[in-house]
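Structure assessment
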Amino acid sequence: MMVGPVGSVSAVESLRSVVRVRPAEARRPEINRSVESQSFSDALKSKVTPSDELVSADQDVKAHEHAHMSVLGPYAAGAINYTYITLPDGSKYAVGGSIKVDLTPVPGDPEATIRKARAIINASYAVSSPSPADMRVAAQAYQMEMQAQRELEQAKKEESKATQEV
């Protein structure tokens, strides 16, 4: 009997100890193989354990998203969404995550928009290894900041011009 890969789990040795197929059993009719396959599946579910790599990835993903959320504060447009992998025993491990971000300018308040954009940029880079998605959000926030900066400068010019005319 050949055992294929079991995703990101370890314990191939323990699988060998769970199911041993003797040559006589390998020649059984198909009906017996399906029963044997079912018992193998049950045995697999009881013996599969997550690898250190999977547990570490889960911890890293959650720490990464929590770092963003802690700096993002009120500019998060929702909770953290995780993508999980589920092992045969039903345990789940995060392998990805995301947070929706409010990237809309504050209406009529370029200074508040600049503060918001800077907070979003800081949240994007609050992790040790920003993802491409993190950098895209930072770039969008930077564009929002630059637009608000232009609006602020325009408002100051108009205010200065109005003051000179009086």
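Now for a look at the structure at hand.

Attention now moves to the pattern of salt bridges. Here the idea is simple: oppositely charged side chains can pair when their charged atoms come close. Inspection of every chain in the model, using the stated rule, returns 3 salt bridges. Taking the shortest distance from any N to any O, the salt bridge between Lys-116 and Asp-102 comes out at 3.0 Å. Of this pair, Lys-116 sits in helix α5 (residues 110-124) while Asp-102 sits in the loop between β4 (92-98) and α5; the two residues are 14 residues apart in sequence, bridging distant segments of the chain. Owing to a relative accessible area of 4%, Lys-116 belongs among the buried residues under this scheme. With a relative accessible area of 27%, Asp-102 lands in the partly exposed category. For Arg-118, the salt bridge identified is with Glu-145, shortest N-O distance 2.7 Å. One end of the pair, Arg-118, is in helix α5; the other, Glu-145, is in helix α6 (residues 132-165), with 27 residues separating them in the sequence. Arg-118 gets classed as partly exposed once you look at its relative accessible area, which sits at 43%. Judged by its relative accessible area of 7%, Glu-145 falls in the buried class.

Glancing now at the nonpolar core. Leu-72, Ala-76, Ile-80, Ile-99, Ala-117, Ile-120, Ile-121, Ala-123, Val-137, Ala-141 and Met-144 form the largest nonpolar core, which has 11 residues in total. Of all elements in the fold, only α5 and α6 reach the threshold of two or more residues within this core. Residue contributions to this core peak at 4 residues, all from α5. The contacts of Ile-99, once residues within four sequence positions are left out, are Glu-65, His-68, Met-69, Leu-72, Ala-76, Gly-78, Ala-79 and Ile-80.

Moving on, we get to the packing of aromatic side chains. Counting across every chain of the model gives 1 aromatic pair. Positioned over the ring face of Tyr-84 is Lys-92, at 5.8 Å from the centre of the ring.

Calculation notes
Residues numbered from 1 in each chain as written. Predicted model: local features only at pLDDT ≥ 70, side-chain atom pairs only at ≥ 80, totals over all residues. Heavy atoms only, no water. Salt bridge = Lys/Arg side-chain N within 4 Å of Asp/Glu carboxyl O. Helix = DSSP H or I, 4+ residues; strand = E, 2+ residues; numbered from the N terminus. Buried < 20%, exposed > 50% of the residue type's maximum accessible area, 1.4 Å probe, protein only. Core = buried A, V, L, I, M, F, W, Y, C linked by side-chain atoms within 4.5 Å. Contact = heavy atoms within 4.5 Å. Phe/Tyr/Trp six-rings, centres within 6.5 Å; stacked < 30°, edge-to-face > 60°. Lys NZ or Arg CZ within 6 Å of the ring centre and 35° of its normal.

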